[in-house]
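Below, each chain spelled out in residue letters.
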Amino acid sequence: MEHIVLRHRNIPGLDKLDVYLANGGFETFKRVVTSMKPEEVIKIVMASGLKGRGGAGFPTGLKWSFLTKNRPAYYVVCNSDESEPGTFKDREIMEKNPFQLLEGIMITAFAARANTAYNYMRGEFWPVAKVLDTKIAELRARGFLGKNLFGTDYSLDVHLHLGAGAYICGEESALLESIEGKMGQPRLKPPFPADKGLYGMPTVINNTETLTNVPLIVARGAEWYQSIGVKNSAGTKVMCLSGHVNKPGNYELPFGVTLRQVIYDHGGGVPSGKKVKAVMMSGASSVVLSVTDEILDMSLDYDSVAAKGAALGSASVIVMDESVDLSWVILKTTRFFKHESCGKCTPCREGNYWMLHILERLHSGEGTKADVDLLNSVASQVQGKCLCPLGEFAVTPVLSSLKAFRADFDARAKDAAKPKPAPAAKPTPKKEPMAGND
Amino acid sequence: MLAEKYREQIAATLAKYPADQKRSAVMPLLYMAQSEYGYVTKEALAEVAEIVGVEPTQVASIVGFYSLYYDHAGGQHRVQVCTDLPCALRGADKFADDLCAKFGIKLGETTKDGMFTIEGVMCVAACDKAPVFQAQNKEGIVYHENQTVESAVKVMEELKGKK
Ligand SMILES: Cc1cc2nc3c(=O)[nH]c(=O)nc-3n(C[C@H](O)[C@H](O)[C@H](O)COP(=O)(O)O)c2cc1C
Ligand code: FES
């Protein structure tokens, strides 16, 4: 298949400016700046059906059209925080196809009437940022960034901003706080970024993969993009395949591919021919799906995954084989969310603390079946009560796996019926000291 | 003093943000301080606060909030093994424990010679290349992917040689 986002897999050396230029690079940006109106660009992206690849799947062009008119400044921010466990696509884009991302950011900036754009990268991407900075410098040197571009009155510069190890900064309003030099705590919405974003100005914020689609959409047109994928899910999606598969990695595939094809045809199947027990479709914050033939034949597009009670989100597919104990999986996810809760709202801060406490008790052999009920009850109480979706993310795997795999949790209880059904061949997890402020 | 030693870099950092939004530079400046002193010292806090024009306590709250800033010295090299779910499904917990055992420490501890701190960290966006660790020191962060205990020990020996 021809790649759109991972086009470097078809064109060797695409991370070099000369190669990128030889393949039509920045022609679209130049054409847009010299001959189009911002509204015309927004119209094309809207008609293409492109939806946000950062998780929520919101229509991209529509989001751009919400920008409040007649304000003194506009900003575009690219979300390269990529911190959802199981997600590793934006890093590949930045490392291997950096100019297409930058051109996407630049076209978006023109459409948003922004003269400054920031790419927010998680702090661990420090080495990636070092290289990306040199790419931006090349664009300035060649006159693709700077004042009065191509002799017009449009000026633009792009800067990188590094985070410093906080998952919550992937949430758009927390991310904006972080660029402003504050703690990354989410803002109350509304107002939305399109009205009051960075420095109080209207701001477009999109994911890395979303923006990397933009140059080809504007170059080839909305109809071309709509011709790929399925209804309501136009184009391709980079699937991040991890866990129990023979060939984990990024696979850019048209929407509509089935889970079975992703795991078996592309991912090479499950090691030792084991069966798949469960999958998480969008990283650690997903609904845990119990895998049946019906789930394996599910079409991977926004509507079909939603119809199964899950979300395609960033398409970070974590595969778990039949040896996995779901209570151990939930210990891992809960530890993550407890560590990453920003502490601003009580249900998320306290709820995650208590859920982890209960899970650790179960795993130390001291827990009872009443603890499993307590876990269910704490998670249910957190649900729907948090300031931002992080709290919701944290309880989603807990509640869904308690529903589908309750036996795995009960088997951990000391008052469980003996003999224990042998769960995972996993060592009993112990309390792990985590880096940084736990 | 950062302000004198890195005058040009600081000016370039401030120039990335609107003139009335100097505070935005606090994160890049903290990285600068950390690479200069090894961690964010009290003096560094005050220096950064002065440059961006906020109170040192505000800078301290930033250091406390973000896990990649340190307010105390650790080993010269932080070896941060991802033990999050996708990596753990591919054996990362055992890898981390075995690596620690090689150095006679537990996860989260520092070797006696002060050279290495081995820590478990959350997902670092390299889940398809587990086991993975990042080596963090004054020079920055380097990813080491598809590791075995043997290859990791080798990487660490090389780091030790470099000092
Ligand atoms: C806790 C939390 C973490 C998030 N992390 C990320 C992230 O790492 N990368 C990302 O692009 N979006 C992330 N998002 C979604 C963003 O808030 C936002 O919806 C997205 O950047 C919009 O871009 P898109 O429309 O192109 O997807 C996160 C949201 C929440 C609530
Ligand atoms: S889980 Fe280890 S890098 Fe993602």
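One can find the structure itself at the top, above this paragraph.
Residues numbered from 1 in each chain as written. Chains lettered and ligands numbered in written order. Predicted model: local features only at pLDDT ≥ 70, side-chain atom pairs only at ≥ 80, totals over all residues. Heavy atoms only, no water.

Draft legend 1. Spotlight on the packing of aromatic side chains. On inspection of all chains with the given rule, the structure shows 21 aromatic pairs over all chains. Where Tyr75(A) meets Tyr199(A), the ring centres are 5.5 Å apart and the plane angle is 70°; that geometry is what we call edge-to-face. With Tyr75(A) in strand E1 (residues 75–80) and Tyr199(A) in the loop between helix H8 (172–179) and strand E4 (203–207), the pair connects residues that are 124 residues apart, well separated along the chain. This pair shows no difference in class: Tyr75(A) is buried, exactly as Tyr199(A) is. With a centroid separation of 5.3 Å and 90° between ring planes, the pair formed by Tyr353(A) and Trp354(A) is classed as edge-to-face. Cluster of aromatic residues (ring-pair linked, three or more members): Tyr20(A), Phe26(A), Phe29(A), Phe99(A), Phe144(A) and Phe150(A). The ring centre of Tyr143(B) lies 4.2 Å from the NZ or CZ of Arg91(A), which sits over that ring. The side chain of Arg78(B) reaches across the aromatic face of Tyr70(B), ending 3.5 Å from its centre. (Phe/Tyr/Trp six-rings, centres within 6.5 Å; stacked < 30°, edge-to-face > 60°. Helix = DSSP H or I, 4+ residues; strand = E, 2+ residues; numbered from the N terminus. Buried < 20%, exposed > 50% of the residue type's maximum accessible area, 1.4 Å probe, protein only. Lys NZ or Arg CZ within 6 Å of the ring centre and 35° of its normal.)

Draft legend 2. Representation of the pairing of strand E2 (residues 116–121) of chain A within the structure. Residues and elements named next belong to chain A. Burial runs high along E2: six of the six residues are buried. Residue alternation in E2 divides its side chains into two sets, Thr116, Tyr118 and Tyr120 and Ala117, Asn119 and Met121, and both sets are buried. Bridging between E1 and E2 involves six bridges; their strand directions are parallel. Bridge pairing links Asn79 to Tyr120 in E2. Bridge count between E2 and strand E3 (residues 157–162): six bridges; the pairing is parallel. Opposite Thr116, over in E3, you have Asp157 as the bridge partner. (Pairing = 2+ DSSP bridges.)

Draft legend 3. View of the interface of chain B and chain A. Each side of the interface is counted separately: chain B has 46 residues, and chain A has 64 residues. Of all residues in chain B, Phe65(B), Leu89(B) and Met122(B) give up the largest surface area on contact with chain A, accounting jointly for 16% of the area buried on that side. Here chain B is connected to chain A by two salt bridges. Taking the shortest distance from any N to any O, the salt bridge between Lys332(A) and Asp93(B) comes out at 3.1 Å. Across the contact surface, chain B and chain A share 21 residue pairs in polar contact (both at pLDDT 80 or more). When the residues that make up the side of chain B that touches chain A are grouped by side-chain class, the tally is 25 nonpolar, eleven polar and ten charged. (Contact = heavy atoms within 4.5 Å. Buried area = accessible area lost by both parts, 1.4 Å probe. Salt bridge = Lys/Arg side-chain N within 4 Å of Asp/Glu carboxyl O. Polar contact = N/O pair within 3.5 Å; in protein donor to acceptor, adjacent residues only side chain to side chain. Nonpolar A, V, L, I, M, F, W, Y, C, P; charged D, E, K, R; others polar.)

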